[in-house]
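Read off the chains here:
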Amino acid sequence: MFLQILPPFVQNPLAGFRLSIVAGFACLLRRKTSFSYPLLWVSLFLFVWSVLPANAQQTVALHSNGEVSFFPNSNGFVLAVAAASDGDTLYLSGGIFPVANLLIDKKLIIYGVGYAPQQTTATGITQINGSIYLISGADHTQMSGLFINGNLFVGTTALNQNVSNVLIKRCYINGMVRLTHDGNESHMGSHFTLLENIIGVLNGNHIRNCLIRQNIIERLYYFRDNNLFVNNIIMRTSEYFSFSYSNINGSHFENNIFIQTTYSNMETGGYTNCTFHQNAFVSNASFGSTNSIGVYENLVSQDVNTIFVNYDGALAFSYSYDFNLDENFAGKNYGKDGYDIGIFGTSVPFKASMLPEIPHISSQTIAPSTDQDGNLQIQIEVEAQDR
């Protein structure tokens, strides 16, 4: 007995080649949680299409107006973005997608399968090689589950940098995230949300009104007014190795962990008119006359070797680190909200699997060839994601 993998709204691009999954193994949902039925079918079909020997590994599914189109080659991401309309959703398989400098000028919802190698053994990670530019028209874009081996920039000129209300969630951006092109207040957007990412360099470029929550940030600088930094791990607070001025003004820092501050006086290091509530600092931090801590104490002069379960103090991310707090660290339950400081605090901690919220293919077994009836035996285990 076999289950057909194609839902009614997907046109079969295999031209007569029969795909089926052994009944009972087609979809083993290990968590009893709600999920989108069409989304599950798209995920399954995208996976099967991407692993067939006749196809390239990299595949993008474009979901537009109830129809699904597939772009099965390494250039698929570029082609799918070009073909997409405002508000469409793109699902990227595992594999490497070269993009050079990709411009996005429309609202898109973009999902990869994840960036953590240990969690994506069945699919591989979704890796974007090159830089992505969000330009005017890309308001309300969302990205999740991507490893961007390059940069994520907003704007290419002063006139196309007005982009707002963007969500970047559970991505690993190996290069720089720059949130405006030139920092010109009259042209730039606002209200970016960066949630549970790993970011090489976070350059706000004088952006305002953003939420930066539960990220691991290797380098942070240039934020202007009304930005909220909550439960992040901030490894370094300066622009370059040779230039240590942060230039962050009028922002609020709460429940963060600062690994290195080049100047122990945060004001000297370029933080002005900021508030600091219940953060932890490895340095003997002080805050100067323009910054405020109110009635909230910050933990200073903390031994970096006693903060986390496993971390050696290096100023770069590694999958080998465990950023859960050591049970004896003073930051346990020290947050302003009563939870831990750092990324595993809040009522919704950093997702340890680092996976996006779409159904996740956790294991697969594929027969080496079809049987005498033309059926390809595939066993797939799928995990619904609760968030």
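Only a predicted model underlies this, so the values are computations on that prediction, with no experimental measurement involved.

Could you give an account of the environment of Phe153, with specific residues and numbers?
Examined against the element boundaries, Phe153 turns out to sit in strand β11 (residues 152-154). Phe153 sits 52 residues away from Asn101 along the chain, and the two C-alpha atoms are 9.9 Å apart. Here Phe153 is in contact with Ile132, Tyr133, Leu134, Met176 and Arg178, once residues within four sequence places are set aside.

For the pairing of strand β23 (residues 257-260), give the residues involved together with the corresponding values.
Where strand β20 (residues 233-236) meets β23, three bridges bridge the pair, whose relative direction is parallel. Paired with Ile233 across the two strands is Ile257, which belongs to β23. The sheet contact formed by β23 and strand β26 (residues 280-281) spans two bridges and is parallel. Bridging across to β26, Ile257 finds its partner in Ala280.

Just give me the short version of the nonpolar core, but keep the residues and values in it.
Core analysis: the biggest nonpolar cluster contains 53 residues, and Phe77, Leu90, Ile104, Met143, Leu202, Leu220 and Phe253 have the highest contact counts within it. Ranked by residues supplied to this core, first place goes to strand β6 (residues 95-104) with four residues. One finds Ala116, Met235, Leu325 and Ile341 within the second-largest nonpolar core, a separate group that totals 26 residues.

Give a description of the environment of Asp86 that names residues and reports values.
Along the chain, Asp86 falls in the loop between α2 (76-83) and β5 (88-92). Here the alpha-carbon distance between Asp86 and Lys107, two residues 21 residues apart in the chain, equals 5.0 Å. If near-sequence neighbours (up to four positions away) are discounted, Asp86 is found in contact with Lys106, Lys107 and Gly137. Within the local environment of Asp86, its side chain forms a polar contact with the backbone nitrogen of Lys107, the two atoms lying 2.8 Å apart.

Conventions we followed
- Residues numbered from 1 in each chain as written.
- Predicted model: local features only at pLDDT ≥ 70, side-chain atom pairs only at ≥ 80, totals over all residues.
- Heavy atoms only, no water.
- Helix = DSSP H or I, 4+ residues; strand = E, 2+ residues; numbered from the N terminus.
- Contact = heavy atoms within 4.5 Å.
- Pairing = 2+ DSSP bridges.
- Core = buried A, V, L, I, M, F, W, Y, C linked by side-chain atoms within 4.5 Å.
- Buried < 20%, exposed > 50% of the residue type's maximum accessible area, 1.4 Å probe, protein only.
- Polar contact = N/O pair within 3.5 Å; in protein donor to acceptor, adjacent residues only side chain to side chain.

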